[in-house]
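Structural characterization, general
Listed below, chain by chain, are the residues.
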Amino acid sequence: MTTCKVMGIVNVTPDSFSDGGKFNSPEEAIRRARNLAAEGAEIIDIGGESTRPGAVPITWEEEWSRIEPVLRGLSPSVSSTLVGTVPISVDTYHPETAERALSLGASIINCVYEEPIADMIRICAKNNAELVIPCRLGGEFKGTVPKIKGTVPADMGTVPLYLDPMIGFGTTREEDLEILQTIPELARMGRVLIGASRKRIVKRLTGEKVPGKDLAGNLTIAVWAALNGASVVRVHDVRETVQALKVLSALRGGVA
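Because the structure is a prediction, the values reported are computed rather than measured.

An order of β1-β2-β3-β4-β5-β6-β7-β8 is seen for the 8 strands of this closed barrel, with the pairing classed as parallel. Taking each pair of neighbouring strands and ignoring which way they run, the sheet shows an average axis angle of 25 degrees. On top of the sheet, helix α5 (residues 117–126) reaches β4 (108–110) and β5 (130–134); it is set at about 170 degrees to β5, its chief contact.

Here is the structure:
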C-alpha cells in the first residue's frame with residue numbers, strides 16, 4: 001500500500017488566497033516551515049508568488065528576493081535537524097527561480113503552468129530534482145500529459161514527476177468534483193499530487209463563508225485523495241491532515 005505524504009504550504013507572499021501576509025517575512029516563513037515539519041509534514045512547499053484568481057504577476061527577481069532568505073535559513077547548516085531532513089519544494093513557474101532554488105538545497109520544483117515545463121525538465125534533470133507538472137484527465141480535460149512548448153529534452157524520462165490536476169485553477173465546482181473523481185485513473189499514469197487545501201470547492205459545496213471554518217471539508221478531500229491513490233496532498237493544516245491519514249492508514253491495515 002502506497003503511503004500518501006503530506007506537503008506543508010509556506011506562502012511567502014502578501015496576497016495569497018488563504019494566508020497572504022501571515023508569513024511574509026523570512027523569519028515568520030522559516031518559523032512556519034519548522035512548525036510544519038514538527039507537525040509531521042514530509043515535504044515543505046515554499047512559494048513567493050500568489051496564484052490566486054486576479055493576482056498580479058511578479059518578476060522572477062521579486063519572487064526570488066522573497067524566497068532566497070527563507071531557503072538560506074532552512075539550509076541544513078543553519079536549520080534545525082528536523083527541517084534539514086524534510087525535502088524542500090519551491091512553487092514557481094520561473095526557470096530562473098527554479099535554478100537558484102535548487103542550488104540552495106531545494107529538491108522539488110512545483111510548476112503550476114505548462115509553458116515553462118520543458119525548461120523546468122532540463123533544470124531538474126541537471127540538478128537531480130523532482131518536478132510537479134499540471135495534468136488533467138476526464139471530460140473536457142481528456143489528455144495524458146500537458147503539451148510541452150519548445151523542444152522536449154531527451155532526458156525527460158530521468159526526471160521523477162508528480163502529476164497535479166490543478167483543482168481550483170479556472171474551474172467550476174462541478175469541474176473540480178470531476179477532477180477529484182479522476183484521481184484513480186491519473187494515479188495509474190504516475191505519482192499524483194492533490195492541492196485542494198482551502199480552495200473554493202469546499203465553500204461552494206458546504207456554503208461555509210467563515211474563513212478557517214472549512215477544515216472538515218479540506219480533510220475529507222485529503223482522505224479521498226489518499227484513498228484513491230494520490231501520493232501527496234498539499235495542505236495548510238498539516239497537523240490535522242497527518243492525524244487523519246494516520247487513522248486512515250491504520251484502518252486500511254497499515255502502520256499507525
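Structure's up, so let's keep going.
So, on to the packing of aromatic side chains. Two numbers describe a pair of aromatic rings. These are the distance of the centres and the angle of the planes. In this structure the tally under the stated criterion is 1 aromatic pair. Ring geometry for Y93 against Y113: centres 5.0 Å apart, planes inclined by 70 degrees, an arrangement best described as edge-to-face. With Y93 in the loop between β3 (88–91) and α4 (95–103) and Y113 in the loop between β4 and α5, this residue pair connects regions lying 20 residues apart in the sequence. On the basis of relative accessibility, which here comes to 18%, the residue Y93 falls in the buried class. For Y113, a relative accessible area of 35% translates into the label partly exposed. The positively charged end of R191 is found above the aromatic ring belonging to Y162, 3.7 Å away from the centroid.

Below, the discussion takes up the packing of helix α2 (residues 60–73) against α4. Closest axis-to-axis distance for the α2/α4 pair is 9 Å, and the angle between their directions is 15 degrees. Considering the angle they form, α2 stands roughly parallel to α4. With respect to the hand of their crossing, α2 and α4 are arranged in right-handed fashion. For the pair formed by α2 and α4, the contact residues are W60, E63, W64, I67 and L71 on the first element and E96, T97, R100 and A101 on the second.

Below, the discussion takes up the pairing of strand β8 (residues 232–235). Side-chain alternation along β8 places V232 and R234 on one buried face and V233 and V235 on a second face that is also buried. As defined by bridge partners, strand β1 (residues 5–11) adjoins β8 across 4 bridges and the pair is classed as parallel. Bridging from a neighbouring strand, V6 pairs with V233 of β8. Two elements, strand β7 (residues 191–194) and β8, share 2 bridges in a ladder whose sense is parallel.

Two side chains carrying opposite charge are able to pair once their charged atoms lie near each other. This structure, assessed with the given rule, holds 12 salt bridges. Notably, a salt bridge pairs R239 with E39, separated by 3.6 Å at the nearest N-O pair. Within this pair, whereas R239 is found in helix α10 (residues 238–251), its partner E39 is found in helix α1 (residues 26–39), the two being separated by 200 residues in sequence. A cluster of three or more residues bridged by salt bridges with shared partners is formed by D45, D91 and R234.

Below, the discussion takes up the pairing of β5. Of all 5 residues in β5, 5 are buried, a share of seventy percent or more. Where burial is concerned, the two faces of β5 agree: the one with E130, V132 and P134 and the one with L131 and I133 are both buried. Judged from the 3 bridges that link them, β4 and β5 form a sheet pairing that is parallel. Residue I108 lies in a different strand from β5, and its bridge partner there is E130.

A few words on the confidence of the model for the chain. For the chain, mean pLDDT is 85; residues scoring 70 or higher make up 82% of the total. Between residues 139–153, whose pLDDT stays under 50, and residues either more than four places distant or in other chains, the model counts 35 contacts.

To continue, consider α2. Its 14 residues place the ends of α2 20 Å apart at the C-alpha level, agreeing with the 20 Å of an ideal helix rising 1.5 Å per residue. Of all the bends in α2, the greatest reaches close to 30 degrees and is centred on I67; the proline P69 follows between one and four positions later. Of the surrounding secondary structure, the elements contacted by the buried residues of α2 are α1, β2 (43–47), β3 and α4.

Counting 63 residues, the largest nonpolar core has I44, I46, L131, I194 and V233 as the members making the most contacts within it. Element by element, the count of residues in this core is highest for α5, at 6 residues. The contacts of I46, once residues within four sequence positions are left out, are V10, V12, I67, V70, L71, L74, I88, S89, V90 and D91. If you look at the next biggest cluster of nonpolar residues, it comprises 7 residues, including M7, I108, Y162 and L193.

Cut-offs applied
Residues numbered from 1 in each chain as written. Predicted model: local features only at pLDDT ≥ 70, side-chain atom pairs only at ≥ 80, totals over all residues. Heavy atoms only, no water. Pairing = 2+ DSSP bridges. Helix = DSSP H or I, 4+ residues; strand = E, 2+ residues; numbered from the N terminus. Axes fitted to C-alpha atoms, helices over the stretch in contact; angles between N-to-C directions. Contact = heavy atoms within 4.5 Å. Phe/Tyr/Trp six-rings, centres within 6.5 Å; stacked < 30°, edge-to-face > 60°. Buried < 20%, exposed > 50% of the residue type's maximum accessible area, 1.4 Å probe, protein only. Lys NZ or Arg CZ within 6 Å of the ring centre and 35° of its normal. Parallel < 35°, antiparallel > 145°, perpendicular 65-115°, else oblique. Left-handed = near helix turned anticlockwise from the far one by under 90°. Salt bridge = Lys/Arg side-chain N within 4 Å of Asp/Glu carboxyl O. pLDDT = per-residue confidence, 0-100. Expected span 1.5 Å × (residues − 1). Bend = angle between axes of the 7 residues up to and from the residue. Core = buried A, V, L, I, M, F, W, Y, C linked by side-chain atoms within 4.5 Å.

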